[in-house]
Amino acid sequence: MTEVSLLTSFWLWQFLGRLHPLVVHFPIGLLVIALILEFYSSNKKDQDFRSGKYLILLIGALSAISASVFGLLLKDQDDYAGNTLDFHQWSGIATALLSVGTFYFFHLSKKNNTTKLSTVYRTLLFFAVVGVTLAGHYGSSLTHGPDYLTEVLPWTSESDISGNPEFNLASLTTDSSNGKLNPSQIAGLNLEVRSIFAHNCFKCHGEEKTKGQLRLDRRELVMRGGKSGEVIDPGHPENSEMIRRLLLPRGDKESMPPKGKTLSRQEISTLELWIKLGAPWPANSNEKSIYRVAELAPRKPTIPRDDSGLTNPIDLFVNSYFEGKNVSWPSVVDDKVFIRRVFLDIIGLLPPPEKIDDFVADNSPSKRELLVKELLDRKDDYAQHWLSFWNDALRNDYSGTGYITGGRFAITDWLYESLKSNKPYDLFVKELVNPDKKSVGFIRGIQWRGTVNASQRVEMQAAQNISQVFLGLNLKCASCHDSFISDLKLSDAYAFANIFSDTTLEINRCDKPIGKMAGTRVIFSELGKIDSSLSVDGKLKQLAEYLAAPKNGRLYRTIVNRIWAQLMGRGIVEPVDMMDNEPWSQDLLDWLASDFVENKSDLKQLIFLIATSKTYQLPSVGIKNENDIVSSGYTFKGMHRRRLSAEQFADAISTVIDPVYPDTIRQYDPFKNSDSSISLHYARASLVKNDIFLTALGRPNRENVSTSRSSQANLLQALELTNGLKFNAVLESGSKKLLQHYSASDQIINELYKMCLGRPPEEAELKSAIEKLGTVPKEEDIQDLIWAILLLPEFQLIY
Amino acid sequence: MNKNWNRREFLQKTSAATLAAMVAGMPTSLLSSCTSPKIKAKADTVILLWMAGGMAHTDTFDPKKYTPYEKGMQSNSVLSTFKSVPTALDGIHFSEGLQSIGNVLNEGTIIRSYVAADLGHILHSRHQYHWHTCYEPPQTVAAPHIGSWIASQLGPKNPVIPAFIDIGQRFTVGEAEELKAFHTAGFLGNEYGPFFIPDPSAGLDSVKPPVGMSYQRFEKRNQLYKELIGKSPIGEYGSDYQKESLQRSMEQAYMLLKSPESKAFDLSLEPRENYDRYNTGRFGLGCLLAKRLTEQGARFISVTTEYEPFKGWDTHENGNSRLTEMKRQIDSPIAQLIKDLKQTGHLDRTIIILASEFSRDMMTEGRPGAKVQEQVSQPDIINDIKHYGMHRHFTDGCSILMFGGGIKKGYAYGKTADERPCKSIEKPIKIAQLHQTIYHALGIPADTHYEIEKRPFYTTPDGNGKAEMELFA
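So, how was this worked out
- Here the residue numbers are simple positions, counted from 1 along each chain's written sequence.
- Written order determines the labels here, with chains lettered from A and ligands numbered from 1.
- With the structure being a predicted model, the display of local features is reserved for residues of pLDDT at least 70 and the display and counting of side-chain atom pairs for 80 or more, all residues being used for whole-chain, interface and lining totals.
- Remark: hydrogens and water are excluded; side-chain values derive from all non-hydrogen atoms of the structure.
- Counting from the N terminus, the helices are the DSSP runs of H or I reaching at least four residues and the strands are the DSSP runs of E reaching at least two.
- Contacts: residue pairs with any heavy atoms within 4.5 Å of one another.
- Atoms counted for the radius of gyration: C-alpha only. Globule rule: 2.2 Å times the number of residues to the power 0.38.
- Only protein chains enter the calculation, and the probe is 1.4 Å; a residue is then buried if its accessible area is under 20% of its type maximum, exposed if over 50%, and partly exposed in between.
- The accessible surface values rely on the Shrake-Rupley method and a 1.4 Å probe; as for residues, cover is taken only from the protein chains in view.
- Positive residues here are Lys and Arg, negative ones are Asp and Glu, while His and the chain termini are left out of the count.
- Lys charges are placed at NZ, Arg charges at CZ, Asp charges at CG and Glu charges at CD.
- Each patch is built from residues that are more than 30% exposed by relative accessible area and take part in no salt bridge. Like charges join if they lie within 9 Å; nonpolar side chains (Val, Leu, Ile, Met, Phe, Trp, Tyr) join within 5 Å.
- Throughout this description, the term salt bridge denotes a Lys or Arg side-chain nitrogen within 4 Å of a carboxyl oxygen of Asp or Glu.
- Should DSSP find at least two bridges between two strands, the strands are regarded as paired.
- Where helices are involved, their axes are fitted lines through C-alpha atoms of the stretch in contact, as for all axes, and angles between N-to-C directions lie from 0 to 180°.
- Roughly parallel refers to an angle under 35 degrees, roughly antiparallel to one over 145, roughly perpendicular to one between 65 and 115, and oblique to any angle outside these ranges.
- Here a crossing is called left-handed whenever its near helix is offset anticlockwise from the far helix by less than a right angle, and right-handed whenever the offset is clockwise.
- Polar here means any residue outside two lists: the nonpolar Ala, Val, Leu, Ile, Met, Phe, Trp, Tyr, Cys and Pro, and the charged Asp, Glu, Lys and Arg; Gly therefore counts as polar.
- Buried area adds together the accessible area that both of two parts lose upon being put together, with accessible area traced by a 1.4 Å probe.
- Throughout this description, a polar contact denotes any pair of N or O atoms lying within 3.5 Å of each other; where both atoms belong to protein, one of them has to be capable of donating a hydrogen while the other can accept it, and for residues adjacent in sequence the pair is counted only when both atoms sit in side chains.
- By disulfide we mean two sulfur atoms from cysteines, separated by a distance within 2.5 Å.
- Side-chain atoms within 4.5 Å link the members of a nonpolar core, which is a set of buried Ala, Val, Leu, Ile, Met, Phe, Trp, Tyr and Cys residues.
- Residue-level confidence of the predictor is what pLDDT reports, using numbers from 0 through 100.
- Under the pairing criterion, centres of Phe, Tyr and Trp rings, with the six-membered ring standing for Trp, must be within 6.5 Å; the plane angle then separates stacked pairs below 30 degrees from edge-to-face pairs above 60, leaving the rest tilted.
- Two conditions define a charge sitting above a ring: the NZ of Lys or the CZ of Arg must be within 6 Å of the ring centre, and it must be within 35 degrees of the ring normal.

Which residues make up the overall build of chain A, and what are the values?
Looking only at helices and strands, chain A features 34 helices and four strands. Partitioning the intrachain contacts of chain A with sequence separation of at least 6 by distance along the chain shows that 67% fall at a separation of at least 24.

Mind laying out the overall build of chain B, listing which residues take part and the relevant values?
The secondary structure content of chain B amounts to 12 helices and 20 strands. Taking 2.2 N^0.38 as the reference for a compact globule, 473 residues should give roughly 23 Å; the C-alpha atoms of chain B span a radius of gyration of 23 Å, in line with that estimate. Principal-axis analysis of the C-alpha atoms gives chain B an extent of 85 × 50 × 40 Å. A buried classification covers 61% of the 473 residues belonging to chain B. Expressed as a percentage of contacts within chain B between residues at least 6 apart in sequence, the contacts between residues at least 24 apart total 76%. When the accessible surface of chain B is split by element, carbon and sulfur atoms take 52% of a total near 17,000 Å². Of the side chains in chain B, 54 bear a positive and 53 a negative charge, and the two mean positions are spaced by 3 Å.

Hey, could you go over a negative patch on the surface for me, with residue numbers and the actual values?
Residues Glu354, Asp357, Asp358 and Asp362 of chain A make up a contiguous surface patch of negative charge. You can see Glu354 of chain A is positioned in helix H15 (residues 353-361).

Lay out the sheet that holds strand S6 (residues 164-167) of chain B in plain terms, naming residues and giving numbers.
Residues and elements named next belong to chain B. As summarised here, the arrangement of the eight strands in space is S7-S6-S8-S1-S9-S15-S5-S16, forming an open sheet in which the pairing is mixed. Lying at the two open borders of the sheet, with one neighbouring strand each, are strand S7 (195-197) and strand S16 (411-413). Between one strand and the next, the sheet's axes are offset by a mean angle of 15°, whatever the strand orientation. Where strand S1 (residues 45-50) meets strand S8 (residues 300-304), five bridges bridge the pair, whose relative direction is parallel. By the bridge assignment, Leu49 is partnered in S8 with Val303. The strands touched by helix H11 (residues 319-343) are S1, strand S9 (350-355) and strand S15 (396-403); relative to S9, the strand with the most contacts, the crossing angle is about 170°. Most of the contacts of helix H12 (residues 431-441) go to S15, to which it runs at about 5°, and overall it touches S1, strand S5 (108-115), S9 and S15.

Tell me about the packing of helix H31 (residues 745-757) of chain A against helix H32 (residues 763-773) of chain A, and please be specific about residues and values.
Residue and element names in this part refer to chain A. The geometry of H31 relative to H32 is characterised by a closest axis approach of 10 Å and an angle of 130° between their N-to-C directions. Relative to H32, H31 is oriented oblique. The element H31 and its partner H32 pack so that their crossing is right-handed. Here Ser745, Asp746, Ile748, Ile749 and Tyr753 of H31 come into contact with H32, specifically with Glu765, Leu766, Ala769, Ile770 and Leu773. Considered class by class, the residues forming the contact of H31 with H32 number seven nonpolar, one polar and two charged.

Which residues make up the interface of chain B and chain A, and what are the values?
If you look at the interface, chain B gives 75 residues, while chain A gives 79 residues. Summed over both partners, the interface of chain B with chain A buries about 7,100 Å², with 60% contributed by carbon and sulfur atoms. At the junction of chain B and chain A, the tally comes to three salt bridges. Of the charged contacts in the structure, one is a salt bridge between Glu453 of chain B and Lys476 of chain A, with a shortest N-O distance of 3.0 Å. Applying the counting criterion to the chain B and chain A interface returns 29 residue pairs in polar contact (both at pLDDT 80 or more).

An account of H12 of chain B is needed here, citing residue identities and associated values.
With nine of its 11 residues buried, H12 of chain B lies for the most part within the structure. Among all positions of H12 of chain B, only Ile431, Leu434, His435, Gln436, Thr437, Ile438, Tyr439, His440 and Ala441 of chain B are buried.

Explain the state of the cysteines to me, and be specific about the residues and the numbers.
Residues and elements named next belong to chain B. Enumeration according to the criterion identifies zero disulfides over all chains in this entry. Distance from the sulfur of Cys422, which forms no disulfide, to the nearest cysteine sulfur (Cys398) is 12 Å. Given the relative accessible area of 1%, Cys422 is considered buried.

Give me the lowdown on the pattern of salt bridges, citing residues and values where you can.
Considering all chains together, one arrives at 74 salt bridges over all chains under this definition. In this structure, the salt-bridge partner of Glu470 of chain B is Lys427 of chain B, at a minimum N-O distance of 2.6 Å. Note that Glu470 of chain B is positioned in the segment after strand S20 (455-458) and Lys427 of chain B in the loop between strand S18 (424-426) and H12, a separation of 43 residues in sequence. Linked through salt bridges whose partners overlap, the residues forming this network are Asp392, Asp397, Glu647, Arg699, Arg702 and Arg709 of chain A.

A description of the pairing of strand S1 (residues 506-509) of chain A should follow, citing residues and the corresponding values.
Residue and element names in this part refer to chain A. Both S1 and strand S2 (residues 512-517) contribute to a ladder of three bridges, which runs antiparallel. Within S2, the residue paired with Arg509 across the bridge is Lys512. Hairpin connection from S1 to S2: two residues lie between these consecutive antiparallel strands, with Cys510 at a positive phi of about 45°.

Any details on the nonpolar core? Residues and values, ideally.
The biggest cluster of nonpolar side chains holds 225 residues, and the ones touching the most others in it are Trp390, Tyr425, Phe470 and Phe693 of chain A together with Leu49 of chain B. Not counting the four nearest positions on each side in its chain, Tyr425 of chain A is found in contact with Trp390, Phe470, Leu555, Tyr556, Ile559, Phe596, Ser601 and Leu603 of chain A. Ala151, Ala185, Ile353 and Phe472 of chain B belong to the second largest nonpolar core, which has 58 residues in total.

Give a detailed account of a nonpolar patch on the surface, specifying residues and quantitative values.
Side chains of Phe10, Trp11, Trp13 and Phe15 of chain A sit close together on the surface and give an oily, nonpolar patch of about 460 Å² of accessible area. The partly exposed category is assigned to Phe10 of chain A, whose relative accessible area is 35%.

Outline the confidence of the model for chain B, listing residues and values.
Residue and element names in this part refer to chain B. For chain B, the average pLDDT comes to 89, and 91% of its residues sit at 70 or higher. In the predicted structure, residues 1-35 sits below a pLDDT of 50 and forms 52 contacts with residues beyond four places in sequence or in another chain. Reported confidence for the predicted complex is 0.85 by ipTM and 0.75 by pTM.

Just give me the short version of the packing of aromatic side chains, but keep the residues and values in it.
All names here are of chain A. Throughout the structure, instances matching the rule amount to 48 aromatic pairs over all chains. Where Trp414 meets Phe428, the ring centres are 5.0 Å apart and the plane angle is 45°; that geometry is what we call tilted. Placement of Trp414 in helix H18 (residues 412-420) and of Phe428 in helix H19 (residues 425-433) is noted, with a sequence separation of 14 residues between them. For the residue pair Trp414 and Phe428, the accessibility class agrees, reading buried in each case. The interplanar angle of 55° and the centroid separation of 6.1 Å between the aromatic rings of Tyr556 and Phe596 together place this pair among those described as tilted. Highlighted residues: Tyr556 in helix H24 (residues 553-568) and Phe596 in helix H25 (residues 586-598), separated in sequence by 40 residues. Judged by relative accessible area, which is 2%, Tyr556 ranks as buried. Looking at Lys367, its charged tip hangs above the ring of Phe359, at a distance of 4.9 Å from the centre.

Please set out the environment of Val429 of chain A residue by residue, giving values where relevant.
Residues and elements named next belong to chain A. Mapped onto the fold, Val429 is located in helix H19. In this structure Val429 comes out as buried when scored by relative accessible area, which is 0%. With 225 residues separating them in the primary sequence, Val429 and Cys204 have C-alpha atoms 48 Å apart. If we skip the residues at most four places from it in the chain, Val429 touches Phe470 and Leu555.

Give me the confidence of the model for chain A: which residues, what numbers.
Residue and element names in this part refer to chain A. Overall, the predicted model of chain A reaches an average pLDDT of 87, with 90% of residues at or above 70. Scored below 50 in pLDDT, residues 1-7 shows four contacts in the model against residues more than four places distant or in partner chains. Contacts of residues 157-166 to residues separated by more than four positions or lying in other chains number seven contacts, the stretch itself having pLDDT below 50.

Explain the side chain of Thr612 of chain A to me, and be specific about the residues and the numbers.
Along the chain, Thr612 of chain A falls in the loop between helix H26 (603-611) and strand S3 (642-643). According to the relative accessible area criterion, Thr612 of chain A is buried, its value standing at 11%.

Explain unusual backbone geometry to me, and be specific about the residues and the numbers.
Cis geometry marks the peptide bond from Glu574 of chain A to Pro575 of chain A; its omega dihedral reads -15°. Looking at where Pro575 of chain A falls in the secondary structure, it is placed in the loop between H24 and H25. A cis amide bond links Pro137 of chain B with the next residue in sequence, Pro138 of chain B, at an omega value of -5°. We note that Asn326 of chain A has phi near 60°; this positive angle belongs to a residue other than glycine. Under the relative-accessibility criterion, Asn326 of chain A is labelled exposed at 74%.

Following this line, the structure appears as structure tokens:
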């Protein structure tokens with residue numbers, strides 16, 4: 001690798017490489033002349049030509065070697081590849097070797113004039129000329145194209161050149177006046193365009209030779225453009241570099257094609273029309289986009305019918321899915337498991353023991369629905385739980401980079417109030433995309449002092465974060481170069497980022513400006529046109545409306561999938577940030593999204609629908625290996641077991657043992673807008689700054705958007721739980737508190753099991769615990785018991 | 001967010017493949033997620049000695065003409081505020097106060113041509129982020145610290161010693177959030193994150209049972225935990241990875257805390273005489289802890305003089321007197337670290353790097369030709385000794401020391417100009433080369449990467465970092 005870069009970078013090597021086309025003509029001419037002389041003098045014994053031949057062969061051999069070396073230098077700096085190049089290279093090298101051999105044996109035969117030596121010399125000369133002919137032929141094929149000679153021959157069929165004899169540009173032009181072409185017309189136009197490329201451009205912009213890094217033989221390569229940027233601007237032939245170059249007068253050094261026949265007016269018009277129509281390249285044309293692209297438009301499938309008594313539409317869709325997969329419905333979980341699940345999933349807290357007892361004792365058939373509703377109505381608890389999820393996603397935090405130099409703004413107040421008031425999701429999105437002072441922090445991104453990489457300017461951060469969070473779309477690759485993982489282009493990313501900019505952004509590829517200014521358009525341009533003449537505020541207003549419009553099915557599929565994943569441990573689509581991936585049930589996803597929109601984008605209504613479904617109440621499913629959850633052969637069978645999040649764990653300890661975080665270190669006062677002076681005895685972990693304890697348990701530093709957390713434990717986490725100061729302090733104060741209230745070991749054990757696990761200890765458990773505590777419990781023994789119980793999987797998991 | 005499964009699956013496969021290949025006696029090139037030929041590791045352990053805050057090269061390892069202080073002197077005439085002293089290497093001088101390190105230079109290499117990135121208006125933590133991750137902040141994904149990359153690629157050397165140990169930095173200081181942003185395993189996952197020991201003399205506390213708990217009680221607590229797990233009715237839900245990884249990690253933590261190796265964290269066990277050689281303060285004791293951990297099988301250790309705005313090497317005034325103190329803190333312990341590791345034979349397989357985020361100069365802020373917003377006012381005429389020193393941030397021409405792990409012994413690489421601007425004039429070396437040189441020493445190939453959000457993220461940007469082979473013996 002080192003050698004190659006040296007070769008391509010040093011000017012002298014580049015220069016010598018470019019001498020190749022000059023030098024090659026010496027061996028061609030000299031070797032052929034030597035052979036002619038040989039024939040001419042073969043029957044003559046005279047020595048007239050000997051010294052002349054000596055010089056000709058010497059120069060011929062030297063120039064053949066030079067031509068080979070220079071050719072190798074040229075190969076690395078220009079964009080040649082493919083079979084023709086290989087043939088050319090090896091026939092050239094063979095010629096050089098043969099010509100050296102020829103000269104050598106000529107030299108020998110000159111000294112001792114034997115027939116044997118002369119024969120060897122003549123044979124070698126003959127093959128050297130064959131070699132130089134082959135090398136010359138392949139070389140000119142590389143330069144002028146393989147059909148350079150044959151295309152002028154009268155018997156070369158003309159019909160090959162115009163790909164489709166039935167193609168009629170005039171008819172398309174007329175038809176297109178009413179706006180649309182039918183699919184077969186599009187396919188025909190596309191075929192014609194590709195035929196034009198193939199016949200006029202492939203010789204330099206194809207697989208074998210890729211001048212200016214541009215290839216026109218595949219859709220994504222055409223769209224990607226070349227060294228000097230994109231060559232077509234879909235919808236705008238007048239802005240397309242390709243058309244500009246085709247129309248340049250012959251002789252202009254940027255004119256295309258640089259030599260050979262120019263394109264006809266008809267051919268250029270065809271390309272213009274094609275670009276004007278958005279450069280369609282149908283997926284079912286002979287090569288497809290290799291990336292799955294999800295439908296953008298909403299879709300509301302009919303709810304499957306079933307007579308088994310299922311009423312929740314989720315269950316009916318799942319029922320039909322189960323039938324297809326031959327999965328039978330297990331019985332739903334019991335009340336104790338259910339109440340713990342919904343408490344943790346909806347408000348992030350453990351159910352108090354008395355609440356569990358009451359719930360179990362309740363005979364009402366609708367008690368589960370009522371419980372879900374009751375929890376959703378606990379506005380502050382709900383908000384303080386979901387705050388963590390949204391803080392991760394909107395990378396909002398009380399501390400972090402950027403604040404120090406005024407390059408970051410918190411949106412906690414806006415977010416908390418939005419969650420508490422259950423702001424409709426469309427409005428929620430609009431207020432983040434087109435923010436006021438309280439919600440501006442999301443699109444403002446994080447600004448570090450000094451200069452930043454072009455792909456991380458705040459406008460690009462806004463484009464990336466909005467795409468990821470709201471659309472489940474990864475724009476990060478495309479913000480530096482055309483994406484290798486989707487059809488997204490650099491220009492798409494810049495056009496989207498440009499909406500957030502008050503000056504037109506200059507496109508940078510891999511942090512280097514490419515001399516092109518960004519357009520202005522939504523990443524899914526079907527959603528609507530942004531008026532680029534508007535101020536940023538005006539553009540954001542338009543963007544917000546387009547994104548939140550019901551026709552943007554992507555936005556709503558993305559959010560229902562996220563909520564589903566929070567409650568079920570896995571999305572209908574995974575990973576949740578890649579909404580182009582295949583869902584395990586397209587119908588369920590589509591229906592949930594459409595239903596969500598019909599219900600005024602009510603997040604609590606969505607949670608209610610999921611949490612009251614029979615599907616949610618199925619027994620939890622364990623996963624042997626973390627990667628099984630995203631494996632392609634995934635079959636949904638029920639909710640997946642999860643670890644408590646850092647916040648759920650801290651809050652659980654705060655409620656059942658002793659506060660992990662005192663109310664005094666709260667970073668946000670959730671009750672500042674309420675009349676009542678509520679004061680908790682602890683602060684919910686979602687309201688405190690990140691620290692070692694929470695970090696170890698998986699709370700991310702919110703420098704980047706984060707939409708899921710790992711359930712995998714690790715050594716550093718275990719060390720924090722084994723001897724971490726914070727955890728230890730709670731064990732100490734908690735055991736003191738217990739001793740103030742209880743004196744007997746079995747009382748303490750019973751109380752701990754009831755508080756932590758919502759049940760009395762089983763006999764064997766009681767026995768082990770009593771052994772530990774003895775009859776007169778000591779503080780440190782109680783600490784150890786609390787520690788052991790809090791680390792039980794039964795406490796640590798949502799199951 | 002990231003799913004770890006690619007790497008996990010990979011590690012499972014490769015460790016099986018590596019084993020199989022070892023059994024078959026065949027060489028293997030499967031060790032990393034790359035296609036390049038396997039590099040033979042020259043080192044197993046890395047010690048990074050971090051000179052936080054910007055260490056002026058002309059007043060430390062690359063002294064220029066010395067101009068003693070006098071009232072009314074021209075700022076522009078001052079290149080070094082210390083005398084030069086000879087080192088073990090002919091023709092190479094260090095700044096006065098670094099004699100001990102100079103005396104062991106025959107064991108390593110001095111690089112005098114490190115060129116830090118141009119990141120515009122200086123923010124120390126931002127350059128430190130760049131130095132430690134090889135990427136300029138902000139990034140679209142959370143970039144891992146070099147220690148985390150190494151931990152993820154090589155794992156712990158000794159299973160009970162955390163693979164990445166970070167000694168000396170507290171996160172309660174200014175710019176703490178920015179410091180946290182790179183003291184992380186990022187998308188590699190917390191598993192590979194740093195194990196923090198802010199105060200080396202309290203290092204033992206991190207690896208022993210909670211304060212006040214005897215080892216006997218600690219064992220009994222663990223015993224109780226195991227019993228209760230066995231008796232918990234949740235067993236009926238079968239096995240899953242959350243539960244298993246929790247139990248496995250708890251067991252690992254337990255093993256670490258009761259292992260004999262944990263004694264390495266206990267500095268009081270070091271013979272008094274040697275302890276005193278190291279004890280120049282927190283940094284010196286950090287070096288001692290690094291030595292002890294290296295001897296017990298650590299993988300990556302960072303010891304920092306600690307970054308705190310306007311403290312330590314971050315000299316915005318009184319540069320001369322402040323550096324006298326900084327040199328006192330580092331000179332003896334670093335030299336002793338080299339000597340001790342050499343004596344125990346660990347130096348051969350341990351690569352030690354001393355570096356700073358950038359250098360300092362009295363006049364130039366930023367880089368010659370690419371000057372940035374001035375942050376320190378420096379009078380043209382010095383009338384107060386507090387202005388005598390290198391106070392501006394200078395990014396072109398920083399010194400780095402490297403010892404052990406296959407690095408050349410007694411070698412000087414690169415050069416800076418002898419006149420202002422004292423910038424790199426020979427063999428400029430940048431962060432990606434430096435990182436790959438370290439990775440190379442450890443046998444980690446240049447195209448090592450991790451797939452995050454479906455795209456490859458390399459140890460050095462685009463995998464373009466090239467090891468500087470000239471640094472190796």
